[in-house]
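Commentary on secondary and tertiary structure
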Amino acid sequence: MRYFAGIDVGSLSADAVIINEDRVMIAYAILPTGNNSRRAGTDAFDAAVARAGIDPSQVAAVVSTGYSRDRVLQAGESKTEIACHAKGAYFLFPDVGTVIDIGGQDSKAIRVGPRGRVVNFAMNDKCAAGTGRFLEVMATALQVPLGEMDQLAARSTEELTISSICTVFAESEVVSLISRGKTPADIAQAVCRAIARRTGGLVTRVGVADRVLMTGGVAKNRAVVALLSEQIGHPIQVPEEPQIVGALGAALFAIEARAA
Amino acid sequence: MTELKATEKMKEILTNYYIEAKTTTQKPIAWITSGAPVEFLISSGVIPIYPENYAAMCAANHQSVALMEAAEAEGFSQDICAYARTDFGADLTQGGPVGGLPAPHFLLCSTNICKTVIKWYEVVARKYKVPLFVVDTPFLHDGLTRELIDYTVRQFKDLERFLGEFLGRPFDRDHFLEVLSLARDATDYWKKTLYLAKARPAPINSLDSFIHLGPIVTLRGTRECADYYKLLYEEINLRGKQGIGSIPEERYRVLWDNLPVWFKMRRLEKFFEKRKCALVVNTYANSWGGISDFLDPGITDPYDLLAASYLNVYINFGFEERIKYLAKLIDEFSLTGFIMHSNRSCKPYSVGMYRLQEEVSQLTGKPGVVIEADQNDPRVYSDAQVETRLEAFIEAMEACL
């Protein structure tokens, strides 16, 4: 049996997926990128290979994606995360029409057409507002683990607004809300709504069609997903492991690259 | 850049121009905006100096950051056009590739490129205590009208009177018409050269045209400028006939909208070449081909024609016209997509760009992408962000081939 790998090295996490030639996912790994993106790609690949219980030599082709896609040693070629998320999402749900991916420093909305090809996409501008990094900064300001932001937000009773677009200014807003005695739950909810608002604009630009899938680390935050769904007026589905959809798409490209 | 024999000639012309401007004791110097009617200055023996051009040179030489920091330390906001900041800094420190620009005797400013230039030139006028002449060219929301032409022509006549008084000799209209004719020759050749890129592969690309803009902007109306563009045209035409492309392999043909990113020219050149993507045409370099483009059979008077061409500049007309123009270029040049540079410095060029992208994509069925960048300020530019968007755009074009 031959295997194929996709490695997605983003600004916050490095993810690797191993699939077999029947396109069945065998294993994956998600590791923090840290301060060495090259090593992060290698570590994620090694971890996924170990979990798959195979030898690295059995991996016939590797495609990389993500911000550090050109620094992944194992990869024969690279693809953008836009193409990979569309590919991965289409593989999981062939009726997908729109993919929303919020990663560490980018948020994007992708319109997916026939055979998982990208019809149109919109990305945040230069600024990291509304991305995973934004959420991380706010979680730090609230002294809450990133993964618990949504549970905290669920306890919100008062609607607050964070209006600043800039992450730095929004952080000061959070600090001033704290100093005004507002509850962490209400502030967390406001942070999630700020992300939903900003992302909603991108989604509107490319359009909502059929099944809407949300990928990337921020999709694990249920408050953001619910508020965003409200914002765009359409249900949003989150795959079981939203963080590896890009790497999965890259692995699928690896099969095609080998076949071609 | 595509290796062209003409490049040496251009360097020689521009070097001589700067040497004369920096050393002359006889000729008056006027600072002028890139969209102003330089023909009046050329025919009056005034040396035109283009701060915008100089700012671009500073950025291409990776000197703009220090100059902008000097301007910002004086209190100029980071939100002002980076050309203005680069020039304020170059003036304060006498910096940049030629050690600052020669002091002006007067200033000529036209609002067809933006309204920032009014405040910018007022700052210069106050500093040097020199007169400022503004040619106001209203925005063409709904196309060109007789009233707008008359309004602009009246200002040209005022400009002639101003020059006559300032220089102490009457404005020579006969000579002016000769200069206009030379300007027309140069812009004709420039436009013909740019349109050679319709061929596949394109023998010239936008990164070349950004570089070869120098003389058409600064020396339009001189004999050497007209001769230069004839030379350039002949060389590119020959390349076209021989089927020589501007990049080794051309798979994608795209339009670039807005100014270049001057401090990333080389990196972007390599980026596009590696991905077989030729920047075939751009709205920016085309702007100096406009004078020969306005062929309303009803307009024959040279002043009317001049007014029409200075009003009818891409960034001085409304969205409907921009959409039509972009769609026409995409069709005529057989393009596979288009890139829009949302330029933090140049608001009139960038406003409404996301909507424009959607409209043009719908109209032409071609993918487009908006990248966030700046013409002159590397501090607001991210290689990774821009290149990810461009790569995704190229993937989208591939899917459409």
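Scroll up to find the structure this text is about.
The next subject is unusual backbone geometry. Residue P201 of chain B is bonded to the preceding R200 of chain B through a cis peptide linkage, with omega at -5°. Looking at where P201 of chain B falls in the secondary structure, it is placed in the loop between α8 (173-195) and α9 (206-211). Here the phi dihedral of R115 of chain A falls at roughly 60°; this positive angle occurs in a residue that is not glycine. By the element assignment, R115 of chain A lies in the loop between β7 (107-112) and β8 (118-123). Although it is not a glycine, K129 of chain B adopts a positive phi angle of roughly 55°. Relative to the assigned elements, K129 of chain B resides in the loop between α6 (116-128) and β4 (132-135).

Grouped together as the largest cluster of nonpolar side chains are 209 residues, with contacts concentrated most on A5, I7, V17, A48, V191 and A251 of chain A together with L255 of chain B. Sort the elements by how many residues they give to this core and helix α6 (residues 184-206) of chain A lands first, with eleven residues. Split by domain, the residues of this core number at least three in each of domain 1 (1-93 + 243-260) and domain 2 (95-238) of chain A. Those residues in contact with A251 of chain A, other than ones at most four positions away along the chain, are F4, A5, G6, V17, I19 and V63 of chain A.

Residues and elements named next belong to chain A. With respect to topology, four strands assemble into an open sheet ordered β8-β7-β6-β9, the strand pairing being mixed. Since the sheet does not close on itself, it has two edges, and those belong to β8 and β9 (211-215), each with one partner. Strand-to-strand twist in this sheet, taken as the mean axis angle between neighbours without regard to direction, amounts to 15°. Where helix α2 (residues 81-92) meets the sheet, it contacts β6 (96-102), β7, β8 and β9, and its direction lies at approximately 55° from that of β7.

Right, let's get into the sheet that holds strand β5 (residues 77-78) of chain A. Residues and elements named next belong to chain A. With mixed pairing, the five strands of this open sheet are ordered in space as β3-β2-β1-β4-β5. Looking along the sheet, the strands with just one partner apiece sit at the ends: β3 (25-32) and β5. Where helix α8 (residues 245-259) meets the sheet, its contacts fall on β1 (3-9), β2 (13-20), β3, β4 (59-65) and β5, and the angle it forms with β1 comes to roughly 135°.

A few words on the interface of chain A and chain B. The interface of chain A with chain B comprises eleven residues on the first partner and 13 residues on the second. Elements represented by at least two residues in the side of chain A that touches chain B include exactly α2 and β8 of chain A. It is β8 of chain A that provides the largest number of residues to the side of chain A that touches chain B, a total of three residues.

Rules used in this analysis
Residues numbered from 1 in each chain as written. Chains lettered and ligands numbered in written order. Predicted model: local features only at pLDDT ≥ 70, side-chain atom pairs only at ≥ 80, totals over all residues. Helix = DSSP H or I, 4+ residues; strand = E, 2+ residues; numbered from the N terminus. Core = buried A, V, L, I, M, F, W, Y, C linked by C-beta atoms within 7 Å. Buried ≥ 20, exposed ≤ 12 C-beta atoms within 10 Å, placed from the backbone. Domains from an automatic or database assignment. Contact = placed C-beta atoms within 7 Å. Pairing = 2+ DSSP bridges. Axes fitted to C-alpha atoms, helices over the stretch in contact; angles between N-to-C directions.

Function cannot be read off these values alone, since they describe shape.
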